[in-house]
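Summary of the model geometry
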Amino acid sequence: MAEALILPAFRFEVKLLRSPDIIAGRQRLPGAGDGYSPAQGATLLGTGAFQECSGLEIEMDIQEYQEGGRNNGTIRRVGRAKYQPLLLKRGMFHQLTGDGQANTDLWHWLQRIVNGERPVARYDGIVYVMSADKTVRATWMFDRGLPAKIRGPELNARTGEIAIEELSIAHEGLRLLPAEVPA
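Values in this document were obtained by computation on a predicted structure and should not be read as measured data. (Residues numbered from 1 in each chain as written. Predicted model: local features only at pLDDT ≥ 70, side-chain atom pairs only at ≥ 80, totals over all residues. Heavy atoms only, no water.)

1. Quick notes on unusual backbone geometry
Arg118 connects to Pro119 through a cis peptide bond whose omega is 0 degrees. Mapped onto the secondary structure, Pro119 falls in the loop between α1 (105-114) and β9 (123-130). Even without being a glycine, Lys134 presents a positive backbone phi close to 70 degrees. The topology assignment puts Lys134 in the loop between β9 and β10 (136-151). For Lys134, a relative accessible area of 61% gives the class exposed. Phi at Arg144 takes a positive value of approximately 50 degrees, unusual for a residue other than glycine. With respect to the helices and strands, the residue Arg144 is situated in strand β10. (Helix = DSSP H or I, 4+ residues; strand = E, 2+ residues; numbered from the N terminus. Buried < 20%, exposed > 50% of the residue type's maximum accessible area, 1.4 Å probe, protein only.)

Quick look at the structure:
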């Protein structure tokens, strides 16, 4: 019998890749089968360095139908899927090259949208979960993410804690894929 190993929750990598705005004169829909692969020359945003990732969940909206004459229960039918926003947390870090300023890529993504930049920049995301030997064992992908909320660090000179920023991403689809090796 094969030995089952539990994956550690601390070994993961998150990549945010620019979604194509338009493919062949139409908007790309999640799972549209258009041959788009997120690894093909996509623009990366805020890659790596996330210390927490939550919201990898799908909830099915079950519709209840009360059939006439059936008093011992209800019929349940499939409804729409609901996707929770992903919450990514990371330590705020600064650039080692250039002027040494804090990395502002995630903040600017939301600010450009709020300021009316169109088309809206959407990002697909890939979450890799790795085993202790750093082999990718599970891969989630979400489609057409939008920054729903960004939160700066709570600053307190007395605690000496690391400055943590949070990004909440609303998206249009989430799926568990066969494991893929990060490029």
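2. Quick notes on the environment of Tyr83
With respect to the element layout, Tyr83 can be found in strand β7 (residues 81-83). When the C-alpha atoms of Tyr83 and Leu56 are compared, they prove to be 8.4 Å apart, with 27 residues separating the residues in sequence. Setting aside chain neighbours within four positions, we find Tyr83 in contact with Glu57, Ile58, His171, Glu172, Gly173 and Leu174. (Contact = heavy atoms within 4.5 Å.)

3. What about empty space enclosed by the protein?
For the structure on display, the rule yields one cavity of 30 Å³ or more. In this structure, the largest cavity encloses a volume near 30 Å³. If you go around the largest cavity, the residues you meet are Trp109, Arg112, Ile113, Glu117, Pro119, Val120 and Ala121. A per-class count over the lining of the largest cavity returns five nonpolar, no polar and two charged. (1 Å grid on protein atoms, 1.4 Å probe; cavity = no way out; pocket = protein on both sides within 12 Å on 5 of 7 lines; lining within 4 Å. Points joined across faces, edges and corners; volume = space filled by probe spheres on them. Nonpolar A, V, L, I, M, F, W, Y, C, P; charged D, E, K, R; others polar.)

4. Re the packing of aromatic side chains
Using the criterion set out here, one finds one aromatic pair in the structure. A centroid spacing of 4.9 Å and a plane angle of 75 degrees characterise the contact between Trp109 and Tyr123, whose relative ring orientation is edge-to-face. Separated by 14 residues along the polypeptide, Trp109 in helix α1 and Tyr123 in strand β9 bring together distant segments of the chain. Pair check on accessibility: Trp109 and Tyr123 agree, each one buried. (Phe/Tyr/Trp six-rings, centres within 6.5 Å; stacked < 30°, edge-to-face > 60°.)

5. Quick word on α1
Buried residues of α1: Leu106, Trp109, Leu110 and Ile113, and no others. The buried residues of α1 occupy an angular sector of 85 degrees when projected down its axis, which confines them to one face. (Arc of directions from axis to C-beta.)

6. A word on a nonpolar patch on the surface
On the surface, a nonpolar cluster with roughly 290 Å² of combined accessible area is contributed by Met60, Ile62 and Val78. When you line up the elements, Val78 lands in the loop between β6 (75-77) and β7. Since its relative accessible area comes to 67%, Val78 is described here as exposed. (Patch = residues over 30% accessible without salt bridge, like charges linked within 9 Å, V, L, I, M, F, W, Y side chains within 5 Å. Areas by Shrake-Rupley, 256 points an atom, 1.4 Å probe, with all protein chains shown as cover. Salt bridge = Lys/Arg side-chain N within 4 Å of Asp/Glu carboxyl O.)

7. Looking at the environment of Gly152
Of note, Gly152 is situated in the loop between β10 and β11 (164-170). For the pair Gly152 and Leu167, spaced 15 residues apart in sequence, the C-alpha separation works out to 9.0 Å. In this structure, Gly152 is in contact with Trp107 and Ile164, ignoring residues within four places of it in sequence.

8. Comments concerning the pattern of salt bridges
Tallied over the entire structure, the rule returns ten salt bridges. Connected via shared salt-bridge partners are Glu52, Lys89 and Glu166.

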